[in-house]
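Analysis of the macromolecular model
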Amino acid sequence: MSKYYVVSGDILPDVLEQVMQARILLQSGKAKRISEAVKMVGISRGTYYKYKDAVFSFNAEQSNRKAIISMILRNEKGTLSKVLSLVSVKQVNVLAINQTIPINGIANVALTLDISDLEIGIQSLVSLIEAMPMVEKADLVAVE
């Protein structure tokens, strides 16, 4: 199992920054091939291949807290919309919605949420969702 650390780029060898620059050139399309990208940043292909899967950039703006909430909802008009409205009011961004076809008047729904700006605790949000009359059950599955 690999260990990962977040460290200041100032203490790392320049070659690691160059590997990241080469990766960005490839992803942006400014370089079409690895050989072109490594030439542009001044490293060898061997160096690129050695470190490409071991070095990653960290952007605080992209480090969002995520949560998955699983729910059993009644098959009534506007049910999911009301749940999503509540989530939105609490400053939560919906990343993904997975829903089954309603069977016997209920549907299973899983919401993957960005809770970085959540105004209340995640358990409080789950409790608010579960208190809604059209929600049979709500569970917090995971938090990252």
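Residues numbered from 1 in each chain as written. Predicted model: local features only at pLDDT ≥ 70, side-chain atom pairs only at ≥ 80, totals over all residues. Heavy atoms only, no water.

Regarding the pattern of salt bridges
Counted by the stated rule, this structure contains 4 salt bridges. Two residues, Lys52 and Asp53, come together in a salt bridge whose shortest N-O distance is 3.1 Å. Among the residues examined, Lys52 registers a relative accessible area of 23% and is labelled partly exposed. A salt bridge links Lys137 to Asp139; the nearest nitrogen and oxygen atoms lie 3.7 Å apart. Judged by relative accessible area, Asp139 falls into the partly exposed class, the value being 35%. The network of salt bridges with shared partners includes Arg74, Glu76 and Glu136. (Salt bridge = Lys/Arg side-chain N within 4 Å of Asp/Glu carboxyl O. Buried < 20%, exposed > 50% of the residue type's maximum accessible area, 1.4 Å probe, protein only.)

Side note on the nonpolar core
If you look at the biggest cluster of nonpolar residues, it comprises 21 residues, and the most contacted ones within it are Ile69, Met71, Val83, Leu113, Leu125, Ile129 and Val135. Among the elements of the structure, β1 (66-74), α4 (79-89), β3 (106-114), α5 (122-130) and β4 (135-143) are those that each provide at least two residues to this core. Sequence-distant contacts of Ile129, that is, excluding residues within four places in its chain, are made with Ile69, Met71, Val83, Leu86, Val87, Val135 and Ala138. Leu16, Ala37, Val41 and Val55 belong to the second largest nonpolar core, which has 12 residues in total. (Core = buried A, V, L, I, M, F, W, Y, C linked by side-chain atoms within 4.5 Å. Helix = DSSP H or I, 4+ residues; strand = E, 2+ residues; numbered from the N terminus. Contact = heavy atoms within 4.5 Å.)

Structural notes on the packing of helix α1 (residues 14-28) against helix α2 (residues 34-41)
Contact geometry of α1 with α2 gives a least axis separation of 9 Å together with a crossing angle of 135 degrees. Classified by the angle between their axes, α1 and α2 sit oblique to one another. Seen from above, α1 lies across α2 with right-handed handedness. In this structure, α1 uses Gln18, Gln21, Ala22, Leu25 and Leu26 to contact α2, whose residues at the interface are Ile34, Ala37, Met40 and Val41. (Axes fitted to C-alpha atoms, helices over the stretch in contact; angles between N-to-C directions. Parallel < 35°, antiparallel > 145°, perpendicular 65-115°, else oblique. Left-handed = near helix turned anticlockwise from the far one by under 90°.)

Here's the deal with the UniProt feature "domain: ACT" (unreviewed entry) in the chain
Those residues carrying the UniProt feature "domain: ACT" (unreviewed entry) are residues 68-144 in this numbering. Taken end to end, residues 68-144 is 26% helix and 42% strand, and its first and last C-alpha atoms sit 9 Å apart. (UniProt positions renumbered as here; feature names shortened; annotations may be inferred.)

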